Every structure is written in structure tokens, then in C-alpha cells.
There are 2 protein chains.
Amino acid sequence: MAAQASPGVSVKPGPTVSIDALSRLCSDAFVSAGMSADDAAIGAHVLSMTDGWGVFTHGSKALRGYVRRLYAGGLNPHGSPRIAAEGGAWAVVDGDSSLGMVTSSFAMKTAIEKARSSGIGYVGVRNSCHFGAAGYYAWLAADAGFIGMSMANDIPSVAAPGSRGAITGSNPLAYAVPAGRYQPMLLDMSVATVAGGKVYAARERGESIPSTWLIGPNGLPTDDATSYPESATLSPAAGHKGYGIALLIETLAGLLSGAASRWGIRSWLGDDPSLPTGHGAAFLAIDCATIAGEAAFIARVEELIDEVHNAPTADGADRIYVPGEIEWEKHAAALRDGIHLPSDVMASVTEAAQICGLELDSYFFETSHSSETSHSS
Amino acid sequence: MAAQASPGVSVKPGPTVSIDALSRLCSDAFVSAGMSADDAAIGAHVLSMTDGWGVFTHGSKALRGYVRRLYAGGLNPHGSPRIAAEGGAWAVVDGDSSLGMVTSSFAMKTAIEKARSSGIGYVGVRNSCHFGAAGYYAWLAADAGFIGMSMANDIPSVAAPGSRGAITGSNPLAYAVPAGRYQPMLLDMSVATVAGGKVYAARERGESIPSTWLIGPNGLPTDDATSYPESATLSPAAGHKGYGIALLIETLAGLLSGAASRWGIRSWLGDDPSLPTGHGAAFLAIDCATIAGEAAFIARVEELIDEVHNAPTADGADRIYVPGEIEWEKHAAALRDGIHLPSDVMASVTEAAQICGLELDSYFFETSHSSETSHSS
């Protein structure tokens, strides 16, 4: 599993891939790791769509970690998420340690069906794993005409006000709202002030960071990134607000679903890949068309977006975006021009391909905007 | 309606009131403004409980504004909130321009009944007004054994990233979770970095403020409070995160319920009190006992709280609180010792009593910790 090149597989620093080909690559990797073609396609759609949005931290970069766990047994390639308990407008799904994307897509579709019959649906998930970008599942609901919300818990990495060290996970929260002639409004956030990757990058570059990002080993704010992640902790976004939302997510995704919680979760990246991680998640769908009337609701969302677009901008700002708009513009460009994967993603995907015995060349093409030399054999 | 003393009513700068007597005062004021005893008791319970939590910005300080609107007709003292539309797990409530507390309590109780039969319930509200502390309604659910969430829209007062001026309301969001041997976890937050009152207080004192609080007239962060609220705007908490959550709340409380939204809402304090404000709100209840098993769920919440309490504290911090813990400790002290109302609250309550023809002396008592001279007649 080391990043050692095997014959016929080489690291290309700057190649470009179409969303479809990236999806095919992810799907082939999942199949090689033992998953069914249907489940592999689900996982591949999540990862390629996420890279299409430009959210490279949560797209195919994570493929390597998932296939490691699939090969080692901590993720069950033959797992089958099932409804463990349900009522009129709710269900709890046991993920059977399947790939998080497979379980989470199943769970959101279940929430949508509950909402279709009852107006709103809640589905809690246990025995899952890292589910990638929370926004994908919220989008699944919006794509079906529903308001969607998704969230998950994770190992503690974020401080609470007054704590020395991590109390909650970075617990992602996403929502999506159907928006008629616009792409859905789509927010995908964590409860930390900034992502750990951003702190780590500053550390790698030897830069200091704003004192709002990190809580140092003594529990106080610090602008020194060198102690992260060993003894420093991410700060909660907006202090007690981010901390409070983290505990709401923990409640809905972890405690209510019967999932593992806080220190009871295993790291999907760092812990023994032969053991399940036990992550929890929660999904909500709301049938806006039935509750408000489809045309009336969509007209009001469009009007809100128009109003945001037409509002006066700050000095130096060209536009005011609604949530998700930047990601949708990147997605349109990715559909048109393909995705130029950053080098860290490319390195990770290359290693995933090695693990799975795949030949990367068949998925990628070279574009003129890559000025880097190709090391392709 | 000026703050002019009438015979027999005088401003006491430091008197103390029991929660019960404060509730009686609010109730008497609402009845004098034409409300039924039952509705008045509902409104009074919200305001006195809120002051008991020490959330003085949203308790009886607002009584003056409500009775003004009740007397002027913008709030309908004889209003009767009703279910305008409903399905298995949802309803939309038309508030009939009743006092926001009456409509919101009715709506949360409706959400609880939906959750009792379906596992989760969503209730949207239109034709409401300022509803006070969002946390009260979330607590109503937790007090009945349910997870509760409440939220509301309001006139724009918070900037978006890149905007010059307000885009969203400060849109409160609250949740409460039953917690067994502990009081419910209870978060009540707005989507702004800090409350406008805090900025205004700094302006009054001539102090500069952190540059994270306010967006100046040019749309850029400022540490100058002098232009607030005329041309400066509150900043969204954690930037795009607070802005994104504000739009989710706007969607659930405003667009989905058929309520007024953004600039279509009237200010409950500043606009013509003879006209309805049109505020929207949304309430969610989740039947945690049915979904997770009551004993199992409560045990997990208690375990989470214990873990937070036992976690290492930062330098200088004695404790790590769970959301709401500070407010519950204040509430216990208020039950024991009464509430020492701050002078701004006392001034407002005094004026409310004047409007309603009530004699304040009969509700308050003096305590030794008030060193201020009583001006009682």
C-alpha cells in the first residue's frame, strides 16, 4: 500500500479527466475491490460529482482510503444496507459496514419516500463509514424535488469553548433546495472554523495562521500551526454556535441512530482498515411541492435568488453568490472541459489505481492548460 | 406611549421579581390589551421563562413592543391560530396575526402531535410576529420528551459575503434535546456574529468593536460601530456558514410556510404598529423515544454530557458547558432568588405597565443585592 510505482502505472502531475471517465475509474476500483457493479456505480457517482463541484478534499482523493478498507475488510464490499426499524415518517438504516456512499444514498432515498407519503422523512444511519461530501445526499433530495438535509458524525477533532482538546467531530451539515431555473441552493459545511487540511497546508508551508482557526495545546487560540494535529485542535466555527450545532448533529446522526459516537468511532483514514468505523449519519427530506405547492414554492426560491443577485455588492466584490453557486459553475466547466485534478488528488488516485490493479492512462487525457511534463510510459 | 411617568407608576432601577410574579405581570398586561386569559398565560410563560434563563433581550423587555401592537391592531388580541393545511407529518399554521408566542406554542404542540404519530413533525407558520426566544419552543418539545427545533425569519439585518448591506434576517435557530437527569441541552442562536444590541451598546459607550462583528457602509469589515444600524450591517457568523444557515431558515420558516420574507416582513419594533408584520417560523419535533428507545437514548445523551463535563479544560477555564447549561443555572437561581431585571428591561417593563394601566409595585420586591435607591411612591 506504499506509494511505490508499479509497472505500467505512473504519476501524472497534470492530466485531465472527464466526469464520466473519473466515475468509470472509481467504479472500476470499487468493483476490483469486490463490490457489485450497481453499488460501485453509486459510490463512483458521489466521488466524481464531488470532484466536479471542485470539492477535491472529498472526491476521488478519498478513493484510496475506501479501497484500502474494502480490501482489508473494515468496509464490507458485499454489505447490504437495510432498514432496521421504521415508522410513518422515519427509519433507522443499518449500513452493514458497506461503503458510506452506498448506505447514505439508500438512506436518503428512504427519507425521500417517507417524505413523499408523509411530507417529511428522517432517516438515521448506523454502522456506516465516512460518506464523502454531505452535499451530495442533500442534492439527491433536491434533484427529486425535495428539500434535503444530510449530516454525519466523526471522530473528535474540534474543540468546545473552554476545552483543551477535541470534543466533537467536524460533523458536516448540508442542505439543498430545489430552485427551478437555477441549480439547487446547496450548502455543505463543517462545524469547524476551517478544514484541517487548510491548517495542515499552512504548517507544510511554514506559515502562521489566523488565531481564529486553531486551539493550541493549552486550550487557547494560537496562530502556530506546527502543533496540529498532534496536540492542537480545530476551533468551532463561531465558537459556541459551531459547537452547539456539532452536538445537534451528533444527536441526530449518532445518538438517535444507534451509531458509534465521538471516541467510539474509528478513523476511516488512520485506524486499522480491517475494522469497521461505526460512523453515523442522518438524512431529512421535506416535500416542498406538497406543503407549499410546487409552482409557488419554486417561484419564491427563484425570487430570493434573483434578489441576492441584484443586491448591492461590497467594494471589490463582483457578485453575491447563493450557496452552491460557485460549485455549480465549476461543475458546468467540468462537464465542458473535464477536471484538472490537483496533484495531491492525482497522487492519491494513482495509489488507489495501483491497489486495484488499474491502468490510469485509459481514463485520462492531456490538455493544453497543463504545463507540467507527463511522465506517462 | 412616551416613557413619561404617570401617577403611581415609577421606574425602579433595581427591584427583583419572582418568575411567577413576572409571569403574572406579563399576563395582566396581555389581558389588559384584550387577549384571553389562556392566551395571555401562554405569552407570559414564554417571556418569564426567557428572563429566568437570563436572556433579557428576549423576555419581558419585549412586552412593551407587543402591547403597543396589540393596542394598535397590528397584533390581533382575539386572533386564533389555525391549521391551514396538513398531511401525515406536517402542517402549515396561519397565525391570524396573534401574539407570536401564542401561534408558536400552538405550532410546536402541533409538531409534537405529528411526531407522536409519525416519528417526526414539521410545522410551518405564516402571519405570525416576533416570537421571542426560539429556545422556548424547542424546550416545549424537549419537556414533552421530544427533540425540538425552532426557527424564524425576520427583516434583513445581516450581510452576505460580498454584499453591501443586509441580505438575510438574523434568523434565530434553536434546538433542545431531552437529557434525563440533566436539564435539556438547549441552543438558541442567531446567524449573526453578535447581536445588534451588543454593537449598539459599544456605540453608546464610544468603544471600537472587533472587526469581525460588523460590515461597514462599503461592504467591508469595520471596527467602527458609529454607523450601526443606519448604514452598517451585522456580519454573518462564520461568513458563508452563517449566511447559508440563514437561507435554510428562510426557506423552512418563510418560503415553505407561505409567510412574508426578507423585505416583505415589517419590523415588529419600528414599523407602523397597526399593521401585521407577517413573520414566518418553523418547528420540528422528533420522537426520540420511539426511534431510539427512551432509556437507550437518554443514557447516550447523559453519557455525552458526562464526557463533556469530564474533558480537560483550557487554561483559565473552570468548566466546559453543554448548550443551555448556563441558562439552566440562571433559571435555578431565578426560581430561588427571583430575577433582578437590568435597568433597560425595567424601563421597558415600566412603560408597558403604563400603557396597560398596571401598578408595578404589586409585582416587585426589594432585595439586599440592589444597592440602588428605590423611587417607588
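Residues numbered from 1 in each chain as written. Chains lettered and ligands numbered in written order. Predicted model: local features only at pLDDT ≥ 70, side-chain atom pairs only at ≥ 80, totals over all residues.

Caption draft 1: Quick look at the overall build of chain A. Secondary structure assignment for chain A yields eleven helices and 15 strands. In terms of C-alpha radius of gyration, chain A reaches 21 Å, essentially the compact-globule figure of 21 Å for 377 residues. Viewed in the frame of its principal axes, chain A has a C-alpha envelope of about 60 × 50 × 50 Å. When the 377 residues of chain A are sorted by exposure, 60% land in the buried category. Put simply, 66% of the contacts in chain A that link residues at least 6 apart link residues at least 24 apart. (Helix = DSSP H or I, 4+ residues; strand = E, 2+ residues; numbered from the N terminus. Rg over C-alpha atoms; globule rule 2.2 N^0.38 Å. Buried ≥ 20, exposed ≤ 12 C-beta atoms within 10 Å, placed from the backbone. Contact = placed C-beta atoms within 7 Å.)

Caption draft 2: Examining the relation of the copies chain A and chain B more closely. Relative to chain B, chain A is turned by 180° and slid 0.0 Å along the rotation axis, the superposed coordinates differing by an RMSD of 0.0 Å. The operation mapping one copy onto its partner corresponds to a two-fold rotation axis. The position closest to the rotation axis in chain A is occupied by the C-alpha of A238(A), lying 2.7 Å away. When the interface residues of chain A are mapped onto chain B, 100% of them again lie at the interface, so the same face is used by both copies. (Least-squares fit on C-alpha atoms with pLDDT ≥ 70 in both.)

Caption draft 3: Molecular detail of the packing of helix α1 (residues 19–32) of chain A against helix α2 (residues 37–52) of chain A. All names here are of chain A. Look at α1 against α2: their axes get within 8 Å of each other, and the N-to-C directions meet at 140°. Of the possible angle classes, the one that applies to α1 and α2 is oblique. Note that α1 runs across α2; the crossing there is right-handed. Contacts between α1 and α2 pair I19, L22, S23, C26, S27, F30 and V31 from the former with A37, D39, A40, A41, G43, A44, H45, L47, S48, D51 and G52 from the latter. Residue classes in the contact of α1 with α2 are distributed as ten nonpolar, six polar and two charged. (Axes fitted to C-alpha atoms, helices over the stretch in contact; angles between N-to-C directions. Parallel < 35°, antiparallel > 145°, perpendicular 65-115°, else oblique. Left-handed = near helix turned anticlockwise from the far one by under 90°. Nonpolar A, V, L, I, M, F, W, Y, C, P; charged D, E, K, R; others polar.)

Caption draft 4: Representation of the domain arrangement of chain A. All names here are of chain A. Its domain assignment divides chain A into domain 1 (16–72 + 342–365), domain 2 (79–191 + 238–337) and domain 3 (193–235). The C-alpha centroid of domain 3 is placed 26 Å from the C-alpha centroid of domain 2. Counting residues at the interface gives nine residues for domain 2 and eight residues for domain 3. Its residues placed into classes, the side of domain 2 that touches domain 3 shows three nonpolar, five polar and one charged. (Domains from an automatic or database assignment.)

Caption draft 5: Unusual backbone geometry, seen in detail. The amide bond that connects Y228(A) to the next residue, P229(A), takes the cis arrangement and shows omega of 5°. Its place among the elements puts P229(A) in the loop between β11 (221–222) and β12 (233–234). With a phi angle near 55°, S97(A) is a residue other than glycine that sits in the positive phi range. You will see that N171(B), though not glycine, has its phi angle at about 25°, which is positive.

Caption draft 6: Seen up close, the interface of chain A and chain B. On the chain B side, the residues contacting the 61 residues of chain A number 61 residues. If you tally residues by element for the side of chain A that touches chain B, the top one is helix α7 (residues 240–255) of chain A, at eight residues. Grouping the amino acids of the side of chain A that touches chain B by side-chain chemistry returns 35 nonpolar, 18 polar and eight charged.

Caption draft 7: Quick look at the packing of helix α4 (residues 100–118) of chain B against helix α5 (residues 134–143) of chain B. All names here are of chain B. Interaxial distance between α4 and α5 falls to 10 Å at its minimum, and their mutual angle equals 35°. Between α4 and α5 lies a crossing whose hand is right-handed. Every residue of α5 that contacts α4 at S104, S105, M108 and I112 is listed here: Y137, L140 and A141. Partitioning the contact of α4 with α5 into residue classes produces five nonpolar, two polar and no charged.

Caption draft 8: Just the nonpolar core, in detail. Of all hydrophobic cores here, the largest spans 256 residues; its most connected members are A29(A), A138(A), A29(B) and A138(B). Sequence-distant contacts of A29(B), defined by excluding residues within four places in its chain, comprise L63(B), V67(B), A352(B), A353(B), C356(B) and L358(B). (Core = buried A, V, L, I, M, F, W, Y, C linked by C-beta atoms within 7 Å.)

Caption draft 9: Inspection of the sheet that holds strand β14 (residues 339–340) of chain A at higher detail. Here three strands make up an open sheet; going across it, the order is β14-β1-β15 (chain A) and the pairing antiparallel. The strands lining the two open edges of the sheet, one partner per strand, are β14 and β15 (364–365) of chain A. (Pairing = 2+ DSSP bridges.)

Caption draft 10: Helix α2 (residues 37–52) of chain B, seen in detail. Residues and elements named next belong to chain B. With 16 residues, α2 should reach 22 Å at 1.5 Å per residue; the first-to-last C-alpha distance of 22 Å fits that figure. Within α2, twelve of the 16 residues are buried, which leaves the element mostly enclosed by the surrounding structure. Of the surrounding secondary structure, the elements contacted by the buried residues of α2 are α1 (19–32), α3 (63–72), α4, α5, α10 (325–337) and β14 (339–340). Positive phi shows up at G54, right after α2, with a value of about 85°. (Expected span 1.5 Å × (residues − 1).)

Caption draft 11: Summary view of the environment of G162(A). Here G162(A) shows up in the loop between β6 (158–159) and β7 (166–168). On the basis of neighbour counts, which here come to 19 C-beta atoms within 10 Å, the residue G162(A) falls in the partly exposed class. Taking C-alpha positions, G162(A) is 39 Å from A311(A), a pair spaced 149 residues apart along the chain. Residues contacting G162(A), with those up to four places away along its chain left out, are T313(B), A314(B), A317(B), R319(B) and I320(B).

Caption draft 12: Representation of the pairing of strand β4 (residues 120–128) of chain A. All names here are of chain A. Taking burial as the measure, the nine residues of β4 include nine buried ones, the bulk of the element. Taken together, the five bridges between strand β3 (residues 90–94) and β4 define a ladder with parallel strand orientation. When the bridges of β4 are listed, W90 appears paired with Y122. Assessed by its sense of winding, the connection that carries the chain from β3 through helix α4 (residues 100–118) to β4 is right-handed. One ladder, built from seven bridges, connects β4 with strand β13 (residues 279–286); its direction is antiparallel. (Right-handed = clockwise from strand over helix to strand, strands pointing away.)

Caption draft 13: Broad picture of the sheet that holds strand β2 (residues 82–87) of chain A. All names here are of chain A. As summarised here, the arrangement of the seven strands in space is β2-β3-β4-β13-β5-β8-β9, forming an open sheet in which the pairing is mixed. In this open sheet, the two strands that pair with only one neighbour each are β2 and β9 (185–189). Averaged over all pairs of adjacent strands, the angle between strand axes in this sheet comes to 10°, irrespective of strand direction. Note: strand β5 (residues 147–152) against strand β8 (residues 173–177), four bridges, orientation antiparallel. Its bridge partner being in β8, M151 is matched across the sheet by L173. Relative to the sheet, α4 contacts β2, β3, β4, β5 and β13, its axis offset from that of β4 by approximately 160°.

Caption draft 14: Molecular detail of the environment of L214(B). Residue and element names in this part refer to chain B. Mapped onto the elements, L214 comes out in strand β10 (residues 214–215). Between the C-alpha atom of L214 and that of L234, which follows or precedes it by 20 residues, the distance is 4.7 Å. Leaving out residues up to four positions away in the same chain, L214 has contacts with V199, I209, T222, A225, Y228, A232, L234 and S235.

Caption draft 15: Fine view of helix α3 (residues 63–72) of chain A. Residue and element names in this part refer to chain A. Along α3, eight of the ten residues are buried, which leaves the element largely enclosed by surrounding structure. Those residues of α3 not exposed but buried are L63, R64, G65, Y66, V67, R68, R69 and L70. Tucked into the core, α3 has its buried residues touching α1, α2 and α11 (343–356). Of the residues trailing α3, G73 is marked for its positive phi of about 105°.

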